[in-house]
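Chain by chain, the residues:
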Amino acid sequence: AQSVSQHNHHVILSEAASLELGCNYSYGGTVNLFWYVQYPGQHLQLLLKYFSGDPLVKGIKGFEAEFIKSKFSFNLRKPSVQWSDTAEYFCAGLVTGRRALTFGSGTRLQVQP
Amino acid sequence: ETGVTQSPTHLIKTRGQQVTLRCSSQSGHNTVSWYQQALGQGPQFIFQYYREEENGRGNFPPRFSGLQFPNYSSELNVNALELDDSALYLCASSRTEQETQYFGPGTRLLVL
């Protein structure tokens, strides 16, 4: 069965700290991977996506993620977080030929000033 | 370019009632997908519409149904509402079935 796992449910960091949020997927075929962010009171927004090619993808607001096929992982990173990064982050996967995005349960990031 | 819009923003219904939620897709997008997001969880896929036909369905009962119109806007209908249907309902549109999905602000449904 297709699944996406996010093991960090709640992360608290101070401003300027580095961030890494874990995402692991379980799929039988070729998969496209996404990170979405949901800021307080706002809708889900696309941070970045991986379809193919360079496994290191860069997104908006200084975020990046690395697709490691051997580890079935797509971790999100940012070298220095800001208070405005406080939000809920969702990893999602879409198997080629399927219709449904499968989401992880989300990681709530709280950045303290 | 107009993004995905949804209406209404909030809705309160009682158990057993029926509800219709609406979604307008982003300009240039012909595919609409619907998701249910329960509190504290990630969105769960309900179904997708492409060219006015249901194009894929998640693990939701038949009382969840939908429509897509020629202008690619869409409706989600839920009959015989249950308390567990209380959730945020998200609509997402994409250029085709396999491309990136862009989400609307959602409709928060409360069933009493």
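Residues numbered from 1 in each chain as written. Chains lettered and ligands numbered in written order. Predicted model: local features only at pLDDT ≥ 70, side-chain atom pairs only at ≥ 80, totals over all residues. Heavy atoms only, no water.

### Some words on the overall build of chain A
- Along its length, chain A carries zero helices and twelve strands.
- If you list the helices and strands of chain A from N to C, you get β-β-β-β-β-β-β-β-β-β-β-β.
- Taken over C-alpha atoms, the radius of gyration comes to 13 Å for chain A, in line with the 13 Å a tight globule of 113 residues would show.
- Taking the principal axes of the C-alpha coordinates as reference, chain A spans close to 45 × 25 × 20 Å.
- Counting across all 113 residues of chain A, residues that qualify as buried make up 47%.
- The contacts in chain A between residues at least 6 apart in sequence include a share of 55% that link residues at least 24 apart.
- A total of about 5400 Å² of accessible surface is found on chain A, and carbon and sulfur atoms cover 51% of it.
- Taken together, the 10 basic and 7 acidic charged side chains of chain A have centroids lying 9 Å from each other. (Helix = DSSP H or I, 4+ residues; strand = E, 2+ residues; numbered from the N terminus. Rg over C-alpha atoms; globule rule 2.2 N^0.38 Å. Buried < 20%, exposed > 50% of the residue type's maximum accessible area, 1.4 Å probe, protein only. Contact = heavy atoms within 4.5 Å. Areas by Shrake-Rupley, 256 points an atom, 1.4 Å probe, with all protein chains shown as cover. Lys, Arg positive; Asp, Glu negative; His and termini not counted. Charge placed at Lys NZ, Arg CZ, Asp CG, Glu CD.)

### So, the overall build of chain B
- The helix and strand tally for chain B stands at zero helices and eleven strands.
- Mapped in sequence order, the helices and strands of chain B form the string β-β-β-β-β-β-β-β-β-β-β.
- For 112 residues, the compact-globule estimate of 2.2 N^0.38 gives 13 Å, and chain B sits close to it at 13 Å.
- Burial statistics for chain B: of 112 residues in total, 50% are counted as buried.
- If you take every contact in chain B between residues at least 6 apart in sequence, the share linking residues at least 24 apart comes to 54%.
- Accessible surface for chain B amounts to roughly 5400 Å². Of this, 47% is attributable to carbon and sulfur atoms.
- With 8 positive and 10 negative side-chain charges, chain B shows a spacing of 7 Å between the two charge centroids.

### Regarding the layout of surface pockets
- Each pocket or cavity is described by its volume, and for the largest pocket that value is around 500 Å³.
- Forming the walls of the largest pocket are 24 residues, and the residues nearest its centre are Gln-38, Tyr-39, Gly-41 and Gln-42 of chain A together with Arg-108 of chain B.
- Counting residues per element, the ones that place at least two in the lining of the largest pocket are β10 (87–95) and β12 (107–112) of chain A.
- When its volume is computed, the second largest pocket comes out at roughly 250 Å³.
- Forming the walls of the second largest pocket are 14 residues, and the residues nearest its centre are Ala-100 and Thr-102 of chain A together with Phe-45, Gly-58 and Asn-59 of chain B.
- Only β11 (102–103) of chain A together with β5 (44–50) and β6 (53–57) of chain B provide two or more residues apiece to the lining of the second largest pocket.
- Taken together, the residues that form the lining of the second largest pocket break down as six nonpolar, five polar and three charged. (1 Å grid on protein atoms, 1.4 Å probe; cavity = no way out; pocket = protein on both sides within 12 Å on 5 of 7 lines; lining within 4 Å. Points joined across faces, edges and corners; volume = space filled by probe spheres on them. Nonpolar A, V, L, I, M, F, W, Y, C, P; charged D, E, K, R; others polar.)

### Observations concerning the pairing of strand β9 (residues 87–94) of chain B
All names here are of chain B.
- Buried residues dominate β9, accounting for eight of its eight residues.
- Neither face of β9 is left uncovered, since the one carrying Ala-87, Tyr-89, Cys-91 and Ser-93 and the one carrying Leu-88, Leu-90, Ala-92 and Ser-94 both have all their residues buried.
- Inspection of the sheet shows strand β4 (residues 31–37) paired to β9 by seven bridges, in the antiparallel sense. Directly across from Trp-34, in β9, lies its bridge partner Cys-91.
- Sheet topology places β9 next to strand β10 (residues 102–103); two bridges connect them, and they run antiparallel. Directly across from Ser-93, in β10, lies its bridge partner Tyr-102. (Pairing = 2+ DSSP bridges.)

### Topic: the environment of Phe-34 of chain A
All names here are of chain A.
- Residue position: Phe-34 is located in strand β5 (residues 31–38).
- Judged by its relative accessible area of 1%, Phe-34 falls in the buried class.
- In the structure, Phe-34 is positioned 40 residues away from Phe-74 in sequence and 8.5 Å away in space, judged by C-alpha atoms.

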